[in-house]
Amino acid sequence: MALLKVKFNQKKRVKLAQGLWLMNWFSVFAGILVFSMGLFLKIELRKRSEVMDNSESHFVPNSLILMGILSCAFNGFAGKICYDSLDPTKFAKWKPFLKPYLALCFFFNILIFFVALICFLMRGSLESTLAQGLKNGMKFYRDTDTPGRCFMKKTIDMLQIEFKCCGNNGFKDWFEIQWISNRYLDFSSKEVKDRIKSNVDGRYLVDGVPFSCCNPSSPRPCIQYQVTNNSAHYSYDYQTEELNLWRRGCREALLHYYSSMMSSMGVVVLLVWLFETSVMVGLRLLHTSLESIANPEDPECESEGWILENSLKDSLKSALESLKKLGKFNQVEADAEGGEGEEGGKTSAITTVS
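Residues numbered from 1 in each chain as written. Predicted model: local features only at pLDDT ≥ 70, side-chain atom pairs only at ≥ 80, totals over all residues. Heavy atoms only, no water.

### Overview of the environment of Thr228
You can see Thr228 is positioned in the loop between α7 (190-197) and α8 (250-291). With near-sequence residues (within four places) excluded, Thr228 lies in contact with Phe175, Asp207 and Tyr238. A polar side-chain atom of Thr228 sits 2.7 Å from a polar atom in the side chain of Asp207. (Helix = DSSP H or I, 4+ residues; strand = E, 2+ residues; numbered from the N terminus. Contact = heavy atoms within 4.5 Å. Polar contact = N/O pair within 3.5 Å; in protein donor to acceptor, adjacent residues only side chain to side chain.)

Printed below as a string of structure tokens:
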């Protein structure tokens, strides 16, 4: 028994073809939207590539761009088929291509669904990429005189100001690295010498943060040096001064920004997948309803359309049987080749003995 069998007359076939033609062109615009989203995400990721450890995060935008291009191509081609199906003479030339095309559409829809899932599941990979990238970026913050790294200070400062964040996980991350360049340290000062000597690696560590960590909403001037020393400032307690510095780490801020963006894109791609699947089902119904016309010379006669010629269970069985036959055929060929090799060996052995 065929799956989802529907009876069609000429009027219904024409309406289905017209509806599918319109849906395919809507899908072309959806493909342009997916392509645009991928391009936008790629640009946003490239803006902050200096604070990302690797390029794995570009898998999502690259996939969206590819799916957008393929969607435009597939749906443009399907729109042409649907338009030509209104005329039986024009449709006849597309018949040999429809089954392979529908098979490609099936795999294409699987890829779209996979890309939609990736948009939701990339958070873990993105988090590790940002954590390591920000850690490295903060280490290079002081290298304003080093070629290739002189831009890092500006990048980190602009990032902290734009996303209202400080450090990797929080402002205390700046206490663990030397973010002040040696160029601006007075090595004749006893305080500087003592701080460098007290550190095993000979770094100048302070309980201070860059100016970009300051919250402009703070009612008092920003305290960015001796942050943990309450006695160094009048009426100050760093544990309660929440408005003084940004408390949120930049990893969390960037992760939330990109994750929410990719989740929204994932929802859009999922909707595109549902739309593409409905177009594929409609095209299959149109294809089978036109092929099952009993009398091609009478286009007004009734016909039947279906998704699968047999039930889903029977279709899966036949597919498995085909795979088994293919496997047996390959095995027989391999055995035949082995037999030929053995016979050749025996013949050569007999020849040698004689």
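### Thoughts on the packing of aromatic side chains
Tallied over the entire structure, the rule returns 12 aromatic pairs. Between Phe106 and Phe107, the aromatic rings sit 5.7 Å apart at their centres with planes inclined by 75°, giving edge-to-face as the arrangement. Look at Phe163 and Tyr257: their rings are 5.2 Å apart centre to centre, the planes differ by 75°, and that puts the pair in the edge-to-face class. In this pair, Phe163 is assigned in helix α6 (residues 152-163) and Tyr257 in helix α8, connecting sequence segments 94 residues apart. (Phe/Tyr/Trp six-rings, centres within 6.5 Å; stacked < 30°, edge-to-face > 60°.)

### A few points about the packing of α6 against α8
Running from N to C, α6 and α8 cross one another at 65°; their axes reach a closest spacing of 10 Å. With respect to α8, the element α6 is oriented roughly perpendicular. Where α6 crosses over α8, the two elements pack in a sense that is left-handed. Between α6 and α8, the contacting residues are Leu159, Gln160 and Phe163 on the first element and Cys250, Ala253, Leu254 and Tyr257 on the second. Classifying every residue of the contact of α6 with α8 by side-chain character gives six nonpolar, one polar and no charged. (Axes fitted to C-alpha atoms, helices over the stretch in contact; angles between N-to-C directions. Parallel < 35°, antiparallel > 145°, perpendicular 65-115°, else oblique. Left-handed = near helix turned anticlockwise from the far one by under 90°. Nonpolar A, V, L, I, M, F, W, Y, C, P; charged D, E, K, R; others polar.)

### So, unusual backbone geometry
In the Ramachandran plot, Lys164 falls in the positive-phi region, its phi being about 55° despite a non-glycine side chain. Residue position: Lys164 is located in the loop between α6 and α7. With a phi close to 50°, Gln226 is a non-glycine residue in the positive phi region. Within the secondary structure layout, Gln226 lies in the loop between α7 and α8.

### Side note on the UniProt feature "transmembrane region" (unreviewed entry) in the chain
Taken from the UniProt record, the annotation "transmembrane region" (unreviewed entry) applies to residues 20-41, 62-81, 101-122 and 255-275. The span residues 62-81 is 100% helix and 0% strand, and its two end C-alpha atoms sit 29 Å from each other. Helix makes up 100% of residues 255-275 and strand 0%. Its end C-alpha atoms lie 30 Å apart. (UniProt positions renumbered as here; feature names shortened; annotations may be inferred.)

### Considerations on the pattern of salt bridges
Two side chains with opposite charge may pair up if their charged atoms get near one another. Tallied over the entire structure, the rule returns 12 salt bridges. Across the pair Arg195 and Glu191 runs a salt bridge whose closest N-O atoms are separated by 3.7 Å. Linking Arg195 with Glu191, this pair stays in helix α7, spanning four residues, or about one helical turn. Judged by relative accessible area, Arg195 falls into the partly exposed class, the value being 27%. (Salt bridge = Lys/Arg side-chain N within 4 Å of Asp/Glu carboxyl O. Buried < 20%, exposed > 50% of the residue type's maximum accessible area, 1.4 Å probe, protein only.)

### Section: the nonpolar core
By size, the foremost hydrophobic cluster in this structure holds 78 residues, and its most contacted members are Leu41, Val60, Leu64, Trp174, Val209, Leu254 and Leu286. Of all the elements in the fold, those that place two or more residues in this core are α1 (10-47), α2 (59-84), α4 (95-121), α5 (123-139), α6, α7 and α8. Sort the elements by how many residues they give to this core and α8 lands first, with 15 residues. Taken domain by domain, this core gets at least three of its residues from each of domain 1 (3-137 + 252-295) and domain 2 (171-247). Non-local contacts of Val60, meaning those with residues more than four positions away in its chain, are made with Leu41, Ile118, Cys119, Met122 and Met262. (Core = buried A, V, L, I, M, F, W, Y, C linked by side-chain atoms within 4.5 Å. Domains from an automatic or database assignment.)

### Some details on the state of the cysteines
Two cysteines, two sulfur atoms, one covalent bond between them: this is a disulfide. Tallied over the entire structure, the rule returns three disulfides. Note that Cys166 is cross-linked by a disulfide to Cys213, the S-S spacing being 2.1 Å. Because the sign of the S-S torsion sets the handedness, a value of about 85° for the bond joining Cys166 and Cys213 places this disulfide among the right-handed ones. In this pair, Cys166 sits in the loop between α6 and α7 while Cys213 sits in the loop between α7 and α8, placing the two residues 47 residues apart along the sequence. Classification of Cys166 by relative accessible area gives buried; the value is 0%. (Disulfide = S-S within 2.5 Å.)

### What about the packing of α2 against α4?
Two numbers describe how α2 lies on α4: the axes approach to 10 Å, and their chain directions differ by 150°. Taken together, the axes of α2 and α4 are roughly antiparallel relative to one another. The handedness of the crossing between α2 and α4 is left-handed. Along the contact surface, α2 presents Phe59, Val60, Ser63, Leu64, Met67, Leu70, Ser71, Phe74, Asn75, Phe77, Ala78 and Ile81, while α4 presents Leu98, Tyr101, Leu104, Cys105, Phe108, Leu111, Ile112, Phe114, Val115, Ile118 and Cys119.

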